[in-house]
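# Summary of structural features
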Amino acid sequence: MTRSPLLAMRGIGKAFLGAPVLSEVDLTIERGEVHALVGENGAGKSTLMKILAGVHSADAGTVELDGRAVSFGHPLQAQHAGVASVFQEFNLLPELTVSENVHLGREPRRRGLIDRRAMTERTAEVLSDLGVEHLSPSAKAGSLSVAHQQITEIAKALSQGADLLCMDEPTASLADAEVELLYRLIGRLRERGVSVLYVSHRIREIFDLCDRITVLKDGRLVKCVDTTDITPDELVTAMVGRRIEAAFPDRLPGTETGEVRLRVRGGGNAWIDGIDLDVRAGEIVGLAGLQGSGRTEIAEAVFGIAPFTRGTIELDGGPVRITGPRKAIGAGIALVTEDRKAQGLALRQSVRANARMVLDANARVHSGRRLDRIPGLLSSLDLVSRGDDQEVRFLSGGNQQKVVVAKWLAAEPGVIVLDEPTRGIDVGAKHKLYSVIRSLAAEGLAVLLIASELIEVIGLADRIVVLHDGSIAGELPGGATEQDVMAYATGRRSAEAGPA
Amino acid sequence: MTRLRALAGRLTNPTGTVFILLALILAGIFVKNADFFAGPSLMAFLKQAAPLVILAAGQYFVIVSGNFDLSVGALVGAQVVIAARLIDGEESRTLPVLAVMLFFGLAVGLVNGLITTALKVQSFITTLGMLLVLYGAIRLWTGGAPTGSLSEAFRTPGRLGIEGVPILGQLPWALLIMLALGAGAIVLMRTRFGRILMASGDNDRAAALSGARVDTVRTAAFVLSGLSATVAGVLIGGFAGVSAQVGEGLEFTVITAVVLGGVVLGGGRGTVIAAMAGALAIEALFTLFNQLALPATLRPTVQGAIIIAAVAYAARQRTRPAATPATVTPS
Amino acid sequence: MTRRLSPAALSSTTLSSTVLIYLALAGVLVIGGAAVATGGGNLFATANLVDMFTRTSLTGFLAIGMTLVILCRSLDLSVGYVAALSSLVAATTMDGDVGRIPLAIGAVLLVSGLIGGANGVFVTVLGVNPFIATLGTGLILKGYLDTEYKGPAGDVPAVFQQFGYTRIAFIPISTVVMLAVAAAAIWFLRSTRTGHHMYAVGGDLDVARMSGIRTGRVLIAAHVLCAMCAGVAGLLLAARFGTGSAEAYTNLYELDAIAAVVLGGTLLLGGKGGVAGTVAGVAILAVLDTVFNVMQIDPFAKDVLRGAVIIAAVAIYARRQLDRTARRPRFALEGRAS
Amino acid sequence: DTPADTPDEETSAESGDEWFVQAEYDEQLAQRDIEPEGDPETPWLQAIEPEWIDTTEYAREGGDATVCFSNASISNPWRVTGWITMQEQVAVLKEAGDIGEFRHSDAGDDDDQQISDIQAFIDSGDCDALLISPSTTATLTPAVEAACDSGVPVIVFDRGVNTDCAVTFIHPIGGYAYGADAAEFLVDNLEPGSKVLALRILPGVDVLEHRWAAAQEIFGDSELEVLGDEFTGGDAAEIKDIVTQYLQRGEVDGIWMDAGDGAVAAIEAFEDAGKPYPVMAGEDELSFMRKWEETGMTAIAPVYSNFQWRTPVLAATMILAGEQVPSEWVLPQDPITEAELADYLERNVDMPSLHYAKFGGEDLPGFPESWTDR
Ligand SMILES: Nc1ncnc2c1ncn2[C@@H]1O[C@H](COP(=O)(O)OP(=O)(O)OP(=O)(O)O)[C@@H](O)[C@H]1O
Ligand SMILES: Nc1ncnc2c1ncn2[C@@H]1O[C@H](COP(=O)(O)OP(=O)(O)OP(=O)(O)O)[C@@H](O)[C@H]1O
Ligand SMILES: [Mg+2]
Ligand SMILES: [Mg+2]
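Rules and cut-offs
Residues numbered from 1 in each chain as written. Chains lettered and ligands numbered in written order. Predicted model: local features only at pLDDT ≥ 70, side-chain atom pairs only at ≥ 80, totals over all residues. Heavy atoms only, no water. Helix = DSSP H or I, 4+ residues; strand = E, 2+ residues; numbered from the N terminus. Rg over C-alpha atoms; globule rule 2.2 N^0.38 Å. Contact = heavy atoms within 4.5 Å. Areas by Shrake-Rupley, 256 points an atom, 1.4 Å probe, with all protein chains shown as cover. Lys, Arg positive; Asp, Glu negative; His and termini not counted. Charge placed at Lys NZ, Arg CZ, Asp CG, Glu CD. Pairing = 2+ DSSP bridges. Axes fitted to C-alpha atoms, helices over the stretch in contact; angles between N-to-C directions. Patch = residues over 30% accessible without salt bridge, like charges linked within 9 Å, V, L, I, M, F, W, Y side chains within 5 Å. Salt bridge = Lys/Arg side-chain N within 4 Å of Asp/Glu carboxyl O. Buried < 20%, exposed > 50% of the residue type's maximum accessible area, 1.4 Å probe, protein only. Donors = N, O, S within 2.8 Å, 3.2 Å for Na, K, Ca; no water. UniProt positions renumbered as here; feature names shortened; annotations may be inferred. Buried area = accessible area lost by both parts, 1.4 Å probe. Polar contact = N/O pair within 3.5 Å; in protein donor to acceptor, adjacent residues only side chain to side chain. Nonpolar A, V, L, I, M, F, W, Y, C, P; charged D, E, K, R; others polar. Expected span 1.5 Å × (residues − 1). Arc of directions from axis to C-beta. Parallel < 35°, antiparallel > 145°, perpendicular 65-115°, else oblique. Left-handed = near helix turned anticlockwise from the far one by under 90°.

## Considerations on the overall build of chain B
Each helix and strand in chain B was counted, giving 14 helices and 3 strands. Whereas a compact globule of 331 residues would reach a radius of gyration of roughly 20 Å, chain B reaches 20 Å, a difference of no more than 12%. For chain B, the spread of C-alpha atoms along the principal axes amounts to about 65 × 55 × 40 Å. The contacts in chain B between residues at least 6 apart in sequence include a share of 77% that link residues at least 24 apart. Of the roughly 12,200 Å² that chain B leaves accessible, carbon and sulfur atoms contribute 69%. The average position of the 22 basic charges and that of the 13 acidic charges among the side chains of chain B differ by 14 Å.

Spelled out as structure tokens, the structure:
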């Protein structure tokens, strides 16, 4: 008799508010296996994982753990069944300490009471298991660096002693050294017979760590293969559905690189320093760097959210003082923020209300002509919606992002800063955005593009400015290799030293 | 057919709940006493409901922008007392005193708004404090009980109307003021101000990053609430004269009315017309209680149960998705 | 990572909020003491101390319970009604019979607990905003009280009245009990899972749920405990009145309790604060009352001052909160820090 | 003997009329006709059937006594008027050297607060006499008992407490008499079969409940029809609204009120509906009395003697001087009839509208400024 796999999910289907996110997805994980789950943004990876973790319940399909059918109505049930999860979004409470966060929901008890000493000791154990130093169990989570927060999340999942550990992009905010730690740890878990479900966009990690790969695309299972049976190129093709070279549209004919529109000299504040930046009309400048390297801070400084306290900004050759978003908008700057739900959209308002928000809020850019342009703008972005009256929270992520872009384009800016514009949106929408970015350049806008997926910066930007630790580490032409960018981004090479 | 469906859809959405409720209550009144719908008695009902409707509109602005105004009841009371003391029966003082009252209402709203936005004190606390301050200060000023008296002119808007209108009898000024202000509120919500107010309540960060002056519009909402309390004070004082208890507890009634109208505490959702309908529903409910001769002591119980049920029903509607197919925006 | 932690705690604050609040209390005592002294009085005379302590107990019970619901990002506007009803349940159950005291206490805790449970269910299961849900419960209770009790009812035996009147040295027994309940609540929040989870539920409902916390149960537990605290407040009312009184609900005790909680540094948005601060908040209000009384301040001026003090105190806390939203700087304000 | 077949008389009696005590009702109605002892010019010193008691044990040398006063509240115009009168009386006694210091605390209608206030006075040990105007009868009883035990002479006025430990309890005849004055007037002035609406402030307050209990007793024996009894919170807008609604449904011939607050609003409802004025029982509150005169309607102003606020301070000085006081000091309580209307309006011509005609402070030095310019 063959032992049943540790986990067997069959025919899983899930829809949010009528929009299908997963359909007919199968996933099996053997004991001691490290199983990769890959797919484009919005493919449904996190959703599948959340169904497994009891956060969402599936609309269709069955889940078997250890050969027994299970159905989790609450995350607690999943935990009890031996499934531990590290979620994609941070899942920590800033006011609680590391050890409280690690044990949240499962506090050790002695005689019915929370045993804080045991809690601290166990946390220290898990952390040292992870090989982490300099992370005090009694530090408040809110005071930690992003990397330490991520480690706390991992510790939280590990401490559950689960049979199946699910990790959704655990390395997204980790530096190389910390990623190494995680590798070693996963190796040790595998030896103990623990299975790992590993979600990541980093192809290299997948080939380094995983035994098998399940590929999702648009909520459907594309294939499930052994890592040894597939090459990275084939995997990417399977994920995207076409060859990657085709991924980025070419520079549009007639795009002319004109005068410098945005010029920053010696810009700095508490988080960034020594920023010299030129963006010309018709030019796309990419900002690359690791998580936390200060890309968003540059965007925020240019847009006046956290203004530069040193240095100068010039727009079209004239010095300007940008002290807040209203000043920036008045000066013709637009910022597509990195977190569209928290910063970009009023989710319960209609498409129309969101699209005209910038015009409504700023007398200086408000005009009847611009208002009249909005419907055309939305349709030129191929917005899919049930009409202008629909609340944007019911739109898919890509369409939400189109609304954000539309609201900024409505104001006809001269400079547009795009911070992670493709985060969490599906392939088709991504592509549409790529060509939108191209056409913005063709129309003579100065575009500053921030994207975590290096490939996007490389594929779209005319020039790439690489940041390291809050300062500019170097500048590369568009189409530079990933290695070159990473060399600057990780600080292995710096502008002063020149190319190695 | 599709129109019917659209109507049905609108009625089952959380904002529509209040219209169903209002219809049910009115039907109840009709069954009990069809005469209620005769012109004069209907006018009397609307005349007396007008202040709450106007207050609801004012409170709506504050709630939709993400705040609370607990000080309106005390402000209504203060305004009536101020009017009585300053007018002191002199007809000629009516207009100047009305100007003083408007200024006072504006100032109270402004202070509420500034404390909430600039000092970042939660509006619940700001307006609770303002309630205490107004309550105490006004009594301190008048030595505990209202003094003076209102002029005839002052009492006109709240008490009188256009006489001799066919069918209706008297067309109350209060009703006309209510309609005008209601229409004004609806129009205001369609202006840039209204849109920004709504967006600020929904997501103040997104609104601010779009260049909205979030603090300014929120403060303006408090000012509108202060002004609506002033108008309500003029109407209530006009309707019934001065008494020591004017306005007491109105804040809870009006917040309930607004929430009954499907406006969500926390901001960003609901329409001003539904909020005003919520106020009418509450007033109609009180009338129904009266028509049913429900023992006076029992009324709060029924009222509480109905409010919880209605808000729970609306909450249920809110989590249910509308199932119409998506289309590409036609170009 | 699409969601980052609010960087609230990034700055290296050495002063914990609770310490700050006790400093505020000390400040109020000093200023109040000085004010009284200029009028030739002594705020710290035994009589005044007794007065201050006495005034803490009733609001104290209510505010302790209120702290729990506010920590969970909820609210309870029905506590005044619950306290009034509890005083009646207690007095009518005792009915002058010493032997029935335990029964009465049990009945009060049961009734108030059930009401709290109903509040919790309205909020969690029916999804009604707590402001409206508990306002509605309050109205329901008001109707019941007005209909059922046309005035004071029941008879509290002298033994139980001691709960309202006896003191040990200059500390009233009711204050001792209140402090004991406060200690129990602090212990509960710190040492039991349900209590600890209240911070998580108020901090972030989704995070709490994803961490395996039964958020609904926690919220209901908070409401039950809050109502039971109101029940104890009702017992104290019964002890002090010698009878039960429906009229007690007219005093807007719920607003006092909320004010005390907020003065005590608990965020109305939940997730942060605690009972230790609340006790200080209650004490601040009690000191103010005593000072106003000793100084013979006009009752209406009292309201004005109270309102102003509450707003001012919360504005100061809010300012501190603001300072702390700053991100950890990487560079010094001028030039690079190396 | 199963409970099912015996009608539970006790409970039915209780739930029907918890507030009605036949003996007290009879006593109060009788007291209305008894000539009080004392000078009619100073009704606040008159007493109905007083039982004088000796107070020499409280006698104190040298004047300048510290008198403390725990007030329930000044949350309505009647109490505000009385409180001013009391302060004026105190000023006179201070001038005379009888009172050195007058301390007061205001409980804002909160029973628990008032208990604390009383305790604070006792604990301070400074009070030579303690005046208490209880916020609620039953609930303040233990606190008053504790005050009596402290040895300080305690004087209770307005609402009573369920103990006679106080040296004297000062009050007008009472709620039954008030309610009966009003109800009898309606019965006498309305045709049999007429319809009466009762407007009440709030439930559960004994002084108000007694008024209504007496009215029910009298209406029950009459041929008047009571349309309903409504709680208004004393809010004029609420009153006008309710009366308007009743008028929409049919005729209302008479209005009975348990207190005069907002009486004018009730009258206006008739005016605005174009209906004839009802026969009305209001109170000696001036806005009502002025409206009454202006309209010439048939009305009466029952009185809950506001001048009683002078008596406790005077009683305190008497007690501290060792003079005799009545153990229960029942003050006269005569309604103002049509015949006296003009006289009382004349005497109070400068007074503000929410003032009470029988406030009894005309002879105090602060008159009239202290009542007009607050
Ligand atoms: N709670 C929700 N309500 C509505 N829609 C949701 C919800 N959660 C996810 N979605 C939608 O479901 C789709 C799949 O989301 P999911 O997070 O599973 O993608 P993913 O594969 O994890 O993507 P990524 O790589 O960006 O993390 C997306 O279109 C997303 O907008
Ligand atoms: N320690 C922190 N705690 C909370 N928020 C932070 C912290 N550090 C940075 N942030 C916020 O997170 C966002 C990203 O920070 P930062 O600019 O340092 O990274 P980045 O280079 O933009 O990286 P990415 O955008 O890829 O996350 C910014 O909005 C910043 O305000
Ligand atoms: Mg994901
Ligand atoms: Mg960023």
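Having seen it, we continue.
## Observations concerning the sheet that holds strand 1 (residues 7-16) of chain A
For sheets, the rule is that strands pair by backbone hydrogen bonds, running either parallel or antiparallel. Residue and element names in this part refer to chain A. Pairing within the open sheet is antiparallel, and its 4 strands lie in the order 2-1-4-5. This sheet does not close on itself; its edge strands, each paired only once, are strand 2 (19-29) and strand 5 (68-70). Neighbour-to-neighbour, the strand axes of the sheet open up by a mean angle of 30°, direction not taken into account. Strands strand 1, strand 2 and strand 4 (60-65) of the sheet are contacted by helix 1 (residues 45-52), whose axis makes an angle of about 115° with strand 1.

## Considering a negative patch on the surface
Residue and element names in this part refer to chain D. On the surface, a cluster of negative charge is made up of Glu24, Glu27, Glu37, Glu49 and Glu328. Mapped onto the fold, glutamate 328 is located in strand 13 (residues 328-331). Judged by relative accessible area, glutamate 328 falls into the partly exposed class, the value being 38%.

## Some points on the coordination of the magnesium ion (ligand 4)
Residue and element names in this part refer to chain A. With distances of 1.8 to 2.5 Å, the protein atoms coordinating the magnesium ion (ligand 4) are Thr296 (OG1) and Glu338 (OE). With threonine 296 in helix 9 (residues 295-302) and glutamate 338 in the loop between strand 18 (333-336) and helix 11 (340-344), this residue pair connects regions lying 42 residues apart in the sequence. Per residue, the accessibility class of threonine 296 equals that of glutamate 338, and both read buried.

## What to know about the sheet that holds strand 8 (residues 225-231) of chain D
Residue and element names in this part refer to chain D. Spatially, 8-7-9-10-11 is the arrangement adopted by the 5 strands of the open sheet, whose pairing is parallel. Each edge of the sheet is formed by a strand with only one pairing partner; in this case those strands are strand 8 and strand 11 (299-300). Both strand 9 (residues 254-257) and strand 10 (residues 279-281) contribute to a ladder of 3 bridges, which runs parallel. Across the sheet, isoleucine 255 pairs through a bridge with methionine 280, a residue of strand 10.

## A closer look at the UniProt feature "transmembrane region" (unreviewed entry) in chain B
Residue and element names in this part refer to chain B. Cross-referencing UniProt, the feature "transmembrane region" (unreviewed entry) maps to residues 12-31, 43-63, 70-87, 93-111, 123-142, 171-189, 220-240 and 246-265 in the present numbering. Secondary structure across residues 93-111 divides into 95% helix and 0% strand, with the first and last C-alpha atoms of the span separated by 27 Å. Helix makes up 100% of residues 123-142 and strand 0%. Its end C-alpha atoms lie 28 Å apart.

## Structural notes on the interface of chain A and chain B
Contacts between chain A and chain B engage 34 residues on the former and 28 residues on the latter. Between chain A and chain B, the buried area comes to about 2,600 Å², and carbon and sulfur atoms account for 52% of it. Taken together, the links from chain A to chain B amount to 1 salt bridge. Taken together, the links from chain A to chain B amount to 11 residue pairs in polar contact (both at pLDDT 80 or more). Listing elements by their share of the side of chain A that touches chain B, those giving two or more residues are helix 10 (325-330), helix 11, helix 13 (357-361), strand 19 (384-385) and helix 15 (397-409) of chain A. If one sorts the elements of the side of chain A that touches chain B by residue count, helix 13 of chain A sits on top with 5 residues. Taken together, the residues that form the side of chain A that touches chain B break down as 18 nonpolar, 8 polar and 8 charged.

## A short note on helix 4 (residues 116-129) of chain A
Residues and elements named next belong to chain A. In this model, helix 4 (14 residues) spans 20 Å end to end at C-alpha, consistent with the 20 Å of a helix rising 1.5 Å per residue. Those residues of helix 4 that sit buried are Arg116, Ala118, Met119, Thr123, Val126 and Leu127. All buried residues of helix 4 fall inside an arc of 165° around its axis, so they share one side. Exposed and oriented more than 90 degrees from the buried face of helix 4 are Arg117, Glu125 and Ser128. Sitting at the head of helix 4, aspartate 115 places a side-chain oxygen 3.3 Å from the backbone nitrogen of arginine 117. Looking at the residues trailing helix 4, positive phi occurs at glycine 131, about 75°.

## Some remarks on the packing of helix 13 (residues 272-291) of chain B against helix 8 (residues 236-249) of chain D
Where helix 13 of chain B meets helix 8 of chain D, the closest approach of the two axes is 11 Å, and the angle between their N-to-C directions is 55°. If you check the angle between helix 13 of chain B and helix 8 of chain D, you find them oblique. Pair helix 13 of chain B / helix 8 of chain D crosses with right-handed handedness. Along its contact with helix 13 of chain B, which presents Thr287, Asn290 and Gln291 of chain B, the element helix 8 of chain D presents Ile242, Gln245, Tyr246 and Arg249 of chain D. Each residue belonging to the contact of helix 13 of chain B with helix 8 of chain D can be placed in one class, and the counts come to 2 nonpolar, 4 polar and 1 charged.

## Considering the UniProt feature "transmembrane region" (unreviewed entry) in chain C
Residue and element names in this part refer to chain C. The sites that UniProt annotates as "transmembrane region" (unreviewed entry) are residues 20-45, 101-126, 168-189, 218-239 and 276-294. Its end C-alpha atoms 28 Å apart, residues 168-189 is made of 77% helix and 14% strand. Span residues 218-239 is 100% helix and 0% strand, its end C-alpha atoms 31 Å apart.

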